[in-house]
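# Structural features, examined
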Amino acid sequence: MTMIPPSLLPEGLSDRLPPQAEASARLARRVLDTVATHGYERVMPPLAEFEDTLTQRLKSMRAQDLVRAVDPVSQRTLAFRPDMTAQVGRIAATRLRSAPRPLRLSYAGPVIRQKASQLRPEREKMQLGAELIGSDSNAAAVEIVNIAIEALTAAGVTGITIDFTLPDLIDALAAGPLPLGAEELEAVRAELDAKDAGALVAISPAAAAYLPLIEATGPFHAAMERLEAFSASLDGAIDSRIAGLRAIAKPIGWDITLTLDPTERHGFEFQNWFGFSIFAEGFIGEIGRGGSYAIARAGETDEPAMGFSLYPDPLIDAGFGDERPRRLFLPVGHDAVRAAALRAEGWHTVAALADGEDGAAQRCSHWLDGSEPRAY
Ligand SMILES: N[C@@H](Cc1c[nH]c[nH+]1)C(=O)O
């Protein structure tokens with residue numbers, strides 16, 4: 001029998017150690033506090049639930065993406081949550097069904113996926129976010145995008161880029177002004193994803209009509225002008241979406257870089273008319289994502305919603321949020337009242353358990369000499 005080393009964790013799962021565990025919690029706290037000031041109240045869904053309740057609520061949450069196990073109690077398949085948005089949707093559609101709308105909820109916790117992404121090896125990630133349930137209007141999008149920016153800024157993130165997308169644009173065009181057969185549609189999606197103009201044109205003349213969308217990518221204002229020209233060539237077929245994007249972009253500060261990638265679908269499995277990805281300077285891949293979606297409800301029409309999720313682990317790995325408090329060593333017999341007063345001033349204290357302990361070895365910069373902290 002092969003022995004599993006006691007330190008080995010399953011692939012893609014890892015420990016967070018000091019000081020990063022604290023930095024991660026601090027960043028989560030700042031984001032949650034910011035969204036709370038805009039009326040978002042926290043929910044705490046469980047780490048795992050029945051697989052079907054996780055996959056049914058949001059369209060295209062796929063069972064094969066989940067880490068699953070059979071529950072010995074119910075004999076049913078359980079799945080770890082891959083995304084808390086689906087759980088918030090379940091809560092909104094069931095236990096908070098009759099709560100007044102719009103309903104504003106926030107969340108934070110780990111999520112687990114079957115496979116890691118290409119960019120990062122983790123299967124477990126920290127997720128923080130906010131969901132606005134009951135509307136997917138332009139006003140809802142303005143609120144969500146701006147709160148996401150405010151929360152990241154409050155947490156100290158700089159160099160933010162927001163990339164807008166229209167996740168269901170291709171489907172809407174294919175079902176309307178630029179018809180495509182089912183196979184053609186798949187091929188068009190693949191080539192737009194690859195941004196391969198030559199391959200797109202080679203599919204068919206109908207597919208070639210989608211070419212302007214590849215060009216409507218990049219810095220926001222120039223890309224929007226190209227998207228507007230494309231809409232004009234289709235008798236204004238996507239004018240309302242363009243107006244939506246303009247309304248969302250308008251209040252965003254000059255210090256945020258805006259880009260447009262109207263056909264980006266990666267990571268937008270359930271979002272419909274609007275989606276956005278968040279990037280921070282110096283970090284590969286998104287640190288957050290959001291958009292509009294619909295929550296399925298038993299015996300009723302779907303409910304519109306809008307939200308965002310942040311994945312702060314890359315920031316934490318890079319040492320972000322590492323604010324080390326001053327550490328003070330308290331020798332045996334120290335003045336406990338003075339120590340409490342110093343803690344109230346922001347010191348972190350480390351009390352000796354026995355004579356002869358070395359405070360410096362406990363990473364203390366100071367020790368309590370009578371009533372005064374003294375540097376080592
Ligand atoms: N939870 C989604 C983002 C999102 C939140 N609300 C709507 N979309 C994700 O992580 O991809």
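Above this text you will find the structure in question.
Notes on the structure in this doc start here. This one's a predicted model, so the numbers in the text were calculated from it and none came from an experiment. (Residues numbered from 1 in each chain as written. Predicted model: local features only at pLDDT ≥ 70, side-chain atom pairs only at ≥ 80, totals over all residues. Heavy atoms only, no water.)

## Regarding the packing of aromatic side chains
Following the criterion strictly, the structure yields 5 aromatic pairs and no others. Centre to centre, the rings of Phe274 and Phe276 are 5.6 Å apart; their planes meet at 25°, and the pair counts as stacked. A relative accessible area of 0% means that Phe274 is categorised as buried. Phe276 sits in the buried class, given a relative accessible area of 0%. An aromatic cluster is defined as three or more aromatic residues linked by ring pairs; in this entry it consists of Phe164, Phe220, Trp273, Phe274 and Phe276. One residue, Arg76, lies across the ring of Phe50, its end atom 3.8 Å from the ring centre. Positioned above the aromatic ring of Trp347 is the side chain of Arg326, whose terminal nitrogen or guanidinium carbon lies 4.0 Å from the ring centre. (Phe/Tyr/Trp six-rings, centres within 6.5 Å; stacked < 30°, edge-to-face > 60°. Buried < 20%, exposed > 50% of the residue type's maximum accessible area, 1.4 Å probe, protein only. Lys NZ or Arg CZ within 6 Å of the ring centre and 35° of its normal.)

## Remarks on the nonpolar core
Phe164, Tyr210, Leu227, Phe274 and Phe276 are the most contacted members of the largest nonpolar core, which has 69 residues in total. Within the second largest apolar cluster, 21 residues are counted, among which are Ala79, Met84, Ile91 and Ile295. (Core = buried A, V, L, I, M, F, W, Y, C linked by side-chain atoms within 4.5 Å.)

## Regarding the packing of helix H4 (residues 138-154) against helix H11 (residues 239-249)
Close contact between H4 and H11 brings their axes to 9 Å; oriented N to C, the two are set at 40°. When the axes of H4 and H11 are compared, the pair comes out oblique. Viewed along their axes, H4 and H11 form a crossing whose handedness is right-handed. Residues Asn138, Ala141, Val142, Val145 and Asn146 of H4 form the contact with H11, whose own contacting residues are Ala243, Gly244, Ala247 and Ile248. (Axes fitted to C-alpha atoms, helices over the stretch in contact; angles between N-to-C directions. Helix = DSSP H or I, 4+ residues; strand = E, 2+ residues; numbered from the N terminus. Parallel < 35°, antiparallel > 145°, perpendicular 65-115°, else oblique. Left-handed = near helix turned anticlockwise from the far one by under 90°. Contact = heavy atoms within 4.5 Å.)

## Details of the sheet that holds strand S4 (residues 77-80)
An order of S2-S4-S3 is seen for the 3 strands of this open sheet, with the pairing classed as antiparallel. Edge positions in the open sheet fall to strand S2 (48-50) and strand S3 (68-70), since each of these has one partner strand only. On average, each strand axis in the sheet is tilted by 35° relative to the strand beside it, whichever way the strands run. With 3 bridges joining them, S3 and S4 adopt antiparallel strand pairing. Pairing of Ala69 across the sheet is with Leu78, part of S4. (Pairing = 2+ DSSP bridges.)

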